[in-house]
Amino acid sequence: MKYSFEIKLETVKSYLSGCSEKQITETYGINRTDLFVWVERYRQHCEDGLKRHAYAKPSKQLRLQIVREHLVESVSLTKLSAKYLIARSAISRWCKIAREQGYEHLSVLKKRGRLPKNDMGRPRKKKPEEMTELELLQLRVKELEAENALLKKVKALVEARDARLREIGRKPSKD
């Protein structure tokens, strides 16, 4: 859930003034982990650490440095998140990749989420002027196959209707 800057600042100041974490999490309905991330960001970057920042894609070297700090030097995810202003979940995902596949796979991160609109769906049809002779012939074959399948289906439906009519003792029509 996304929280406003004012709520973040209010919860952090309440925590730093001596309120218990349980009291704050129940009062504001926030996650305990979020509270600690906000407090750490406030300690390192003051109020600027609580504001939303534009997403910056970290370089391979920065990801490698962050993962090594966590895995080798045992720096907590919360402190790393606050220090670099990167989501804990992203750092956790990078660490999992490094543990399971190795550090070299940090540079080959898959894009998440929905594909761009131009990558979705059926490709645009070419106009006959843009097609090669082979593509035109393949298109004609597909059209003839579709026409043939349609005629077979119509013939099968007519035969089925005629058979039903014969069963009940009526003569099929000449149409």
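Throughout this document, residue positions are counted from 1 along each chain, in the order its sequence is written. Where local features are concerned, this predicted model is filtered to residues with pLDDT of at least 70; where side-chain atom pairs are given and counted, the filter is 80 or more; whole-chain, interface and lining totals use all residues. Just so you know, side-chain values use all the structure's heavy atoms and leave hydrogens and water out.

- Naming follows an unreviewed UniProt entry, where the protein appears as Helix-turn-helix domain-containing protein of Candidatus Egerieousia excrementavium.

### Comments concerning the environment of valine 67
Part 1: Only DSSP runs of H or I reaching four residues or more are called helices, and only runs of E reaching two or more are called strands; each is numbered from the N terminus. Mapped onto the secondary structure, valine 67 falls in helix H4 (residues 60–71).
Part 2: The residues contacting valine 67, other than those within four sequence positions of it, are Val72, Trp94, Cys95, Ala98, Tyr103 and Leu106. Between two residues, a contact is recorded if the distance between any of their heavy atoms is within 4.5 Å.

### A look at the UniProt feature "coiled-coil region" (unreviewed entry) in the protein
Part 1: The UniProt feature table records "coiled-coil region" (unreviewed entry) at residues 127–161.
Part 2: With 83% helix and 0% strand, residues 127–161 has end C-alpha atoms that lie 41 Å from one another. UniProt positions are given in the numbering used here, feature names are shortened, and annotations may be inferred rather than shown by experiment.

### Let's talk about the packing of aromatic side chains
Part 1: In this scheme Phe, Tyr and Trp rings, the latter by its six-membered ring, pair at centre separations within 6.5 Å, and the angle between planes marks the pair as stacked below 30 degrees, edge-to-face above 60, and tilted otherwise. Enumeration according to the criterion identifies 1 aromatic pair in this entry.
Part 2: Judged by centre distance (6.0 Å) and plane angle (85 degrees), the ring pair of tyrosine 15 and phenylalanine 36 falls under edge-to-face. Of this pair, tyrosine 15 sits in helix H1 (residues 5–16) while phenylalanine 36 sits in helix H3 (residues 32–45), and the two are 21 residues apart along the sequence.
Part 3: A simple rule labels every residue: compare its accessible area, found with a 1.4 Å probe on the protein chains alone, to the largest value its type can have, and call it buried under 20%, exposed over 50%, or partly exposed in between. For tyrosine 15, a relative accessible area of 24% gives the class partly exposed.
Part 4: Look at phenylalanine 36 and you get partly exposed, because its relative accessible area is 24%.
Part 5: By the criterion adopted, a ring carries a charge over it if an Arg CZ or a Lys NZ lies within 6 Å of its centre and within 35 degrees of its normal. Above the face of the tyrosine 103 ring, arginine 68 is positioned so that its terminal group lies 4.8 Å from the ring centre.

### Some thoughts on the pattern of salt bridges
If charged atoms from side chains of opposite charge come close, those side chains can pair.
Part 1: Put simply, a salt bridge is a Lys or Arg side-chain nitrogen that is within 4 Å of an Asp or Glu carboxyl oxygen. Following the criterion strictly, the structure yields 5 salt bridges and no others.
Part 2: Residue glutamate 21 pairs with arginine 32 through a salt bridge whose shortest N-O separation is 2.4 Å. Linking glutamate 21 in helix H2 (residues 21–28) with arginine 32 in helix H3, this pair joins segments that are 11 residues apart in sequence.
Part 3: Glutamate 143 serves as the salt-bridge partner of arginine 140, at 3.7 Å between the closest nitrogen and oxygen. Highlighted residues: arginine 140 and glutamate 143, both in helix H7 (residues 133–167), separated by 3 residues, approximately one helical turn.
Part 4: Its relative accessible area of 40% is what places glutamate 143 among the partly exposed residues.

### Some details on the layout of surface pockets
Part 1: Each cavity reported here is a set of points on a 1 Å grid over the protein atoms alone in which a 1.4 Å probe fits but cannot get out, each pocket an open set with protein on both sides within 12 Å along at least five of seven lines, and each lining residue one with an atom within 4 Å of a point. Grid points are joined across faces, edges and corners, and a volume is the space filled by probe spheres set on the points. Put simply, the second largest pocket is a space of about 380 Å³.
Part 2: As for the second largest pocket, its lining consists of Arg122, Pro123, Arg124, Lys125, Lys126, Pro128, Met131, Glu135, Gln138, Leu139 and Lys142.
Part 3: Each residue belonging to the lining of the second largest pocket can be placed in one class, and the counts come to 4 nonpolar, 1 polar and 6 charged. Residue classes follow a fixed rule: Ala, Val, Leu, Ile, Met, Phe, Trp, Tyr, Cys and Pro count as nonpolar, while Asp, Glu, Lys and Arg count as charged, and any other residue, Gly among them, counts as polar.

### Some remarks on the confidence of the model for the protein
Part 1: pLDDT runs from 0 to 100 and stands for how confident the predictor is about each residue. Averaged over every residue, the pLDDT of the protein is 84; residues scoring 70 or more account for 93%.
Part 2: Least confident of the elements in the protein is H3, whose mean pLDDT is 83; most confident is H7, at 94.

### Some thoughts on H1
Part 1: A helix is expected to span 1.5 Å multiplied by its residue count minus one. With 12 residues, H1 extends 16 Å from end C-alpha to end C-alpha; this agrees with the ideal 16 Å at 1.5 Å per step.
Part 2: Lys8, Leu9, Thr11, Val12 and Ser14 are the residues of H1 that are buried.
Part 3: Contact partners of the buried residues in H1: H2 and H3.
Part 4: Directly beyond the C-terminal end of H1, a positive phi value near 120 degrees is found at glycine 18.

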